[in-house]
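Descriptive structure summary
Residues per chain are reported as follows:
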Amino acid sequence: MPAKSSTCQRLGSVLNFQINGPQITVETTFGWLKITAYSPKIVRVTVSASGEFEDFSYSVIESPTTNTFELDDAGEYLVARTADVHLVIEKNPVRLIFKTADGRILNEEDPLATSWIGEQISTYRKLQDGERFIGMGEKTGNLDRRGTALQNWNTDAYAYNAGTDPLYSSIPFYIGLHHGLTYGIFLDNTFKSFFNFGASNNRFSSFSVDAGDLNYYFMYGNSVREIIHHYTWLTGRMEMPPAWSIGYQQCRYSYYPDKEVLNVARTFREKEIPADAIVLDIHYMDHYKIFTWDNKKFPDPKGMIAALKAAGFHMVIMCDPGIKVEQGYETYDDGIRNNVFLKYPDGENYTGQVWPGWCHFPDFTNPKTRTWWASKFKDYVALGVEGFWNDMNEIATWGNALPENIEFDFDGHKGTMRNGRNVFGFQMARSTYEGTKQLLNGHRPFNLTRSGFAGVQRYSALWTGDNVAYDEHMMLGVRLVNSLGLSGVAFAGYDAGGFVGDANKNLFARWMSIASLSPFFRAHAMINSRDSEPWSYGEEVESICRNVIRFRYQLMPYIYSVFYEASQTGIPIQRSLALDYSHQHQVFEKKFQHQYLFGPAILVAPVESHKEITKVFLPAGEWYYLYSGKTYSGDQEIFIECPIHKLPVFIKAGSVLPMQKPVINTEEKTDELILHIYAGSQPSEFIFFADDGKTFGYQKGSFAKRKLEYKGSENRLILHTTEGTLPVHYTQLKLVFHNLWANEVYIHGERKELRHDPHSFFSPLEKYDPINAPDSMGEEWVKSIQVDYTPEKIEVNW
């Protein structure tokens with residue numbers, strides 16, 4: 001066992017070892033090492049000072065597979081082999097080297113290897129030539145983390161800046177890239193941790209934890225995509241959210257009284273701007289006390305919510321964890337009776353000050369508390385609330401100095417604030433989701449959290465907290481969501497327009513344009529700041545906002561299908577170009593690092609609001625400019641105009657985009673499925689998915705799913721036979737071809753003439769219709785045909 005001193009103590013040398021199926025245990029001079037094969041490409045490494053390994057985890061939901069290691073003793077080193085990963089364990093001193101099956105080094109410890117300084121344990125990894133590091137969840141900074149150091153310690157980071165660290169959530173998972181190779185490392189330890197990717201040194205990267213075992217999972221894959229698949233297999237994937245939560249949500253701090261809430265909803269409908277939800281911040285409560293209503297501002301919440309639903313709106317309400325210490329307040333009294341609050345070691349309930357005043361806080365790591373918390377949502381659900389916003393759960397308190405001796409139950413494993421702080425928000429989000437899911441009787445709740453840890457994607461969407469209304473923050477939000485996507489959180493977003501401060505009209509218009517092509521789409525504004533509704537900045541901005549929101553709703557069949565893909569594979573909705581173009585240097589350049597793919601086909605190039613021309617990197621392939629249909633060859637940098645009503649957006653050639661006519665919310669159904677086919681030489685496949693958008697029936701086969709296969713070199717489009725038991729509401733199928741040379745197509749051998757299609761779905765007052773009536777037809781030909789929709793296989797040739 002290492003000495004608890006200020007000097008470094010390494011593991012020493014191998015004394016003995018044994019293998020038991022997928023697990024190898026190694027005793028060393030000063031500690032223990034356990035290596036476990038979770039799959040042929042996932043290896044868990046745990047380093048312990050005592051040999052009493054800690055196996056409890058809130059993050060990892062999978063167990064080792066039946067895979068076994070092959071272990072060879074080569075004298076000076078051991079080699080543990082799976083089919084895909086070879087782990088070399090040098091004996092004297094202990095040092096680990098991860099290799100591919102053909103001997104290429106993926107990742108290796110520096111000669112400093114793994115060591116303790118007191119309780120803190122660190123591992124040092126040799127920096128490979130040209131190695132890049134991506135991921136780490138909600139972290140500011142550049143896409144490539146090389147040269148930076150980061151800390152995981154969930155923090156209320158009000159009005160943070162482009163260099164603030166840490167923020168609200170911690171996901172200690174990164175992906176390494178070098179020499180065409182890709183690997184991932186997930187550190188599963190909830191104590192405060194530190195990652196150094198070559199900051200202040202040119203020798204090593206490292207990661208450290210303040211206490212506990214050094215417990216990490218090493219993953220090998222042929223691509224970033226495969227690494228994310230491995231990581232989300234370990235830590236879980238989201239269930240499908242309700243369809244309405246993917247629409248536009250309008251929020252501010254705060255809407256009150258009830259008449260203002262209803263007026264906002266009515267204005268959306270009068271102005272024909274699509275929207276699905278109104279969000280209430282803390283002023284709906286009685287003196288900020290959770291599970292109450294302010295009876296003066298909201299005398300009839302049930303009636304208000306019913307009126308909103310009649311207008312096609314859902315309600316999302318703020319949920320803070322602080323329970324005010326106030327006798328006679330039912331939630332407080334019941335919490336005391338049921339003994340659910342965090343405590344000091346002497347048994348006294350911890351008390352911290354936040355919005356309601358002095359508060360106690362539930363111990364969400366206690367199963368009893370999670371059950372208690374879940375029961376408290378019964379009244380909200382009875383009123384018709386289906387959306388829940390978990391805030392202030394870092395834990396945020398005035399003073400931002402939580403005592404570290406506060407005790408947590410940890411599902412019977414016991415801990416303190418030192419290892420509980422990073423999972424408090426995660427387990428609060430879990431408690432809210434599990435409780436409301438049960439209470440909603442088969443319907444899906446929408447759950448949003450500010451704080452989280454690895455695995456939070458199983459229970460909640462995540463937004464990036466209290467951002468600020470200026471261009472740099474707008475661009476930072478894009479990077480944060482890109483990074484969260486690389487870290488397993490597919491449903492994420494930011495407050496469009498900025499929460500703190502006042503946006504100008506150009507900034508708001510640009511931010512809404514970018515946010516309309518992000519997973520979570522919400523505008524929000526702080527108290528005593530200007531309004532953040534789409535009509536608040538004048539007619540021009542209102543028109544732009546109407547366009548981009550309407551365009552999102554037209555894209556909803558595509559977006560919803562991409563959400564389904566995320567629920568099945570973990571691949572994010574908003575995809576940093578590092579996902580599919582991992583080894584192209586332009587992807588990591590500061591001027592291009594914000595770019596992302598929204599799903600597989602739509603390339604978004606965010607740009608500041610004051611710019612009217614910008615440079616865009618187009619990856620390999622061919623790309624259509626959204627607004628004119630002009631085509632560009634990929635693997636080049638281009639200049640493109642970007643006036644405030646035109647965010648640079650491109651469509652990948654060879655793509656098929658399922659779309660629909662304009663709708664006012666996600667409840668409105670159209671009878672026509674519209675497939676936009678962007679001609680190109682590259683083939684593509686897209687899984688179109690539809691279900692009721694409300695229940696979990698899709699998990700039992702109640703869905704309609706079909707593969708859309710484009711084969712450009714064969715002049716063919718195939719809509720494969722629909723899978724699933726759910727009848728779709730479509731009766732018509734419209735095929736819209738972009739830049740197709742042919743004037744007719746053959747459907748099941750029958751000749752069909754195409755017609756030129758200048759029709760716009762937008763009203764004549766709008767500035768542009770990017771899909772159907774672009775600014776100039778230019779080099780693009782748009783032709784279409786309408787046929788009956790059928791779930792059976794449809795084959796189109798030209």
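Above this text you will find the structure in question.
Below or above, wherever it landed, is the structure these notes cover. What you are looking at is a predicted structure, and each value in this text was computed from that prediction instead of being measured. (Residues numbered from 1 in each chain as written. Predicted model: local features only at pLDDT ≥ 70, side-chain atom pairs only at ≥ 80, totals over all residues. Heavy atoms only, no water.)

Quick word on the overall build of the protein chain
What counts here: Counting from the N terminus, the helices are the DSSP runs of H or I reaching at least four residues and the strands are the DSSP runs of E reaching at least two. In this description the radius of gyration comes from C-alpha coordinates, and the expected globular size is given by 2.2 Å times residues to the power 0.38. Working definition: with a 1.4 Å probe on protein chains only, accessible area under 20% of the residue-type maximum means buried, over 50% means exposed, and in between means partly exposed. Residues are treated as being in contact if the distance between any of their heavy atoms lies within 4.5 Å. Shrake-Rupley sampling with a 1.4 Å probe provides the accessible areas, and residues are treated as covered by the protein chains on show and by no other component. Residues counted as positive are Lys and Arg, residues counted as negative are Asp and Glu, and His and the chain ends are not counted. The atoms used to mark charge sites are NZ of Lys, CZ of Arg, CG of Asp and CD of Glu.
From N to C terminus, the protein chain includes eleven helices and 50 strands. Taken over C-alpha atoms, the radius of gyration comes to 27 Å for the protein chain, in line with the 28 Å a tight globule of 798 residues would show. Projected onto its principal axes, the C-alpha positions of the protein chain cover 80 × 70 × 50 Å. Relative to its full complement of 798 residues, the protein chain shows a buried share of 65%. Within the protein chain, residue pairs in contact and separated by at least 24 positions form 69% of the contacts whose partners lie at least 6 positions apart. In the form shown here, the protein chain has an accessible surface area of approximately 27,400 Å², with 48% of it arising from carbon and sulfur atoms. Where the 77 positive side-chain charges of the protein chain centre and where its 94 negative ones centre are 1 Å apart.

What about the environment of I305?
Topologically, I305 is positioned in helix 3 (residues 301–310). Sequence separation between I305 and Y329 is 24 residues, and the spatial gap between their C-alpha atoms is 24 Å. Once residues within four sequence positions are removed from consideration, I305 is found in contact with M315, L383, G384 and V385.

Section: the pattern of salt bridges
Selection criterion: When a carboxyl oxygen of Asp or Glu is within 4 Å of a side-chain nitrogen of Lys or Arg, the pair counts as a salt bridge.
Under the definition given, this model contains 50 salt bridges. For D110, the salt bridge is made with R203, and the minimal N-O distance between the two is 2.8 Å. Within this pair, whereas D110 is found in strand 10 (residues 105–117), its partner R203 is found in the loop between strand 16 (193–196) and strand 17 (204–209), the two being separated by 93 residues in sequence. We classify R203 as partly exposed; its relative accessible area is 40%. Between D391 and R450 there is a salt bridge; the shortest N-O distance is 3.2 Å. Taken together, the residues span a long stretch of sequence, with D391 in the loop between strand 25 (387–390) and strand 26 (407–408) and R450 in the loop between strand 28 (446–449) and strand 29 (461–463) at a distance of 59 residues. Across the pair, R450 and D391 agree in class, each one buried. What you see here is one network of salt bridges that share partners, running through D156, D391, E394, R450 and D466.

Brief notes about the sheet that holds strand 36 (residues 622–625)
Quick reminder of the rule: One requirement defines pairing of two strands: DSSP has to find at least two bridges between them. Axis lines are fitted through C-alpha atoms, for helices just across the contact stretch, and the angle between N-to-C directions can take any value from 0 to 180 degrees.
Taken in spatial order, the six strands of this open sheet run 32-33-34-39-36-37, and their pairing is antiparallel. Of all strands in the sheet, those with a lone pairing partner are strand 32 (574–576) and strand 37 (631–633), marking the two edges. Looking at each pair of strands side by side, their axes are set apart by 35° on average, direction ignored. Note that strand 36 and strand 39 (residues 649–652) share three bridges and pair antiparallel. The residue of strand 39 that forms the bridge with Y625 is F650.

Details of unusual backbone geometry
A cis amide bond links N92 to the next residue, P93, at an omega of -5°. Cis geometry marks the peptide bond from Y253 to S254; its omega dihedral reads 0°. Here S254 lies in the loop between strand 19 (248–252) and helix 2 (258–270). In the Ramachandran plot, K414 falls in the positive-phi region, its phi being about 60° despite a non-glycine side chain. Here K414 is to be found in the loop between strand 26 and strand 27 (415–416). A residue is classified by how much of its surface remains accessible, and K414, at 56% relative accessible area, is exposed.

Describing the packing of aromatic side chains
Keep this limit in mind: Note on aromatic contacts: the rings of Phe and Tyr and the six-membered ring of Trp form a pair at centre separations within 6.5 Å, being stacked when their planes are under 30 degrees apart, edge-to-face when over 60 apart, and tilted otherwise. Here, a charge over a ring is recorded when the distance from Lys NZ or Arg CZ to the ring centre is within 6 Å and its angle to the ring normal is within 35 degrees.
Taken as a whole, this structure holds 66 aromatic pairs when the rule is applied. Taking 5.9 Å as the distance between ring centres and 55° as the angle between the ring planes, the aromatic pair formed by Y248 and F268 counts as tilted. Of this pair, Y248 sits in strand 19 while F268 sits in helix 2, and the two are 20 residues apart along the sequence. Both rings, one in F737 and one in W798, keep their centres 5.6 Å apart while their planes meet at 70°; by these two values the pair is edge-to-face. Of this pair, F737 sits in strand 45 (residues 732–738) while W798 sits in the segment after strand 50 (794–797), placing them 61 residues apart in sequence. Ring pairs connect the aromatic residues Y284, F291, W293, F298, F364, W373, F377, Y380, F388 and F424, which therefore count as one cluster. Directly above the aromatic system of W463 lies the positively charged group of R522, at a separation of 5.2 Å from the ring centroid.

What to know about helix 4 (residues 330–338)
Listed in full, the buried residues belonging to helix 4 are T331, Y332, D334 and G335. Buried residues along helix 4 sit in contact with strand 22 (323–324), strand 24 (357–360) and helix 5 (367–375). Remark: N339 follows helix 4 within two positions and exhibits a positive phi of approximately 55°.

Some thoughts on the packing of helix 8 (residues 471–486) against helix 9 (residues 505–515)
What counts is decided by this rule: Here is the rule for angles: anything less than 35 degrees is roughly parallel, anything more than 145 is roughly antiparallel, 65 through 115 is roughly perpendicular, and the remaining ranges are oblique. Under this grouping Gly is polar, as are all residues other than the nonpolar Ala, Val, Leu, Ile, Met, Phe, Trp, Tyr, Cys and Pro and the charged Asp, Glu, Lys and Arg.
As a packed pair, helix 8 and helix 9 sit with axes 11 Å apart at the nearest point and diverge in direction by 5°. Judged by the inter-axis angle, helix 8 sits roughly parallel to helix 9. On helix 9, the residues that touch D471, H473, M474 and V478 of helix 8 are L507, R510, W511 and I514. When the residues that make up the contact of helix 8 with helix 9 are grouped by side-chain class, the tally is five nonpolar, one polar and two charged.

Things to note about the nonpolar core
Here is the rule: We define a nonpolar core as any set of buried Ala, Val, Leu, Ile, Met, Phe, Trp, Tyr and Cys residues linked to one another through side-chain atoms lying within 4.5 Å.
L280, Y284, I290, Y380 and F650 are the most contacted members of the largest nonpolar core, which has 218 residues in total. Here this core takes eight residues from helix 11 (residues 556–569), the largest share from any one element. Those residues in contact with F650, other than ones at most four positions away along the chain, are A601, I602, L603, V616, L618, W623, Y624, Y625, L626, Y632, I638 and I640. Judged by nonpolar contacts, the second largest core, of 40 residues, contains V14, F98, Y174 and F197.

Observations regarding the pairing of strand 2 (residues 14–20)
Here six bridges tie strand 2 to strand 3 (residues 23–28), and the two strands are oriented antiparallel to one another. Bridging across to strand 3, F17 finds its partner in V26. Linking two consecutive strands that pair antiparallel, namely strand 2 and strand 3, is a turn of two residues; a positive phi of about 65° is found at G21 within it.

Concerning the environment of S59
For clarity, the cut-off: A 3.5 Å cut-off defines polar contacts: any pair of N or O atoms within that distance qualifies, except that in protein one atom must be a possible hydrogen donor and the other a possible acceptor, and neighbouring residues in sequence count only when both atoms are side-chain atoms.
Relative to the elements of secondary structure, S59 occurs in the loop between strand 5 (42–48) and strand 6 (70–73). Taking C-alpha positions, S59 is 27 Å from G163, a pair spaced 104 residues apart along the chain. When residues no more than four places from it in sequence are discounted, the contact partners of S59 are F186, D188, L234, T235, F426, F453, A454 and R458. A distance of 2.7 Å separates a polar atom in the side chain of S59 from the backbone oxygen of A454.

A closer look at the sheet that holds strand 41 (residues 672–678)
What the five strands build is an open sheet, ordered 40-41-45-49-48; its pairing is mixed. Each edge of the sheet is formed by a strand with only one pairing partner; in this case those strands are strand 40 (656–659) and strand 48 (755–756).

Quick notes on the side chain of T365
Inspection of the secondary structure assignment puts T365 in the loop between strand 24 and helix 5. In this structure the side chain of T365 is engaged in a polar contact, spanning 2.9 Å, whose partner is the backbone nitrogen of F410. Here T365 is in contact with Y58, R370, F408, D409, F410, D411, V423 and Q427, once residues within four sequence places are set aside.

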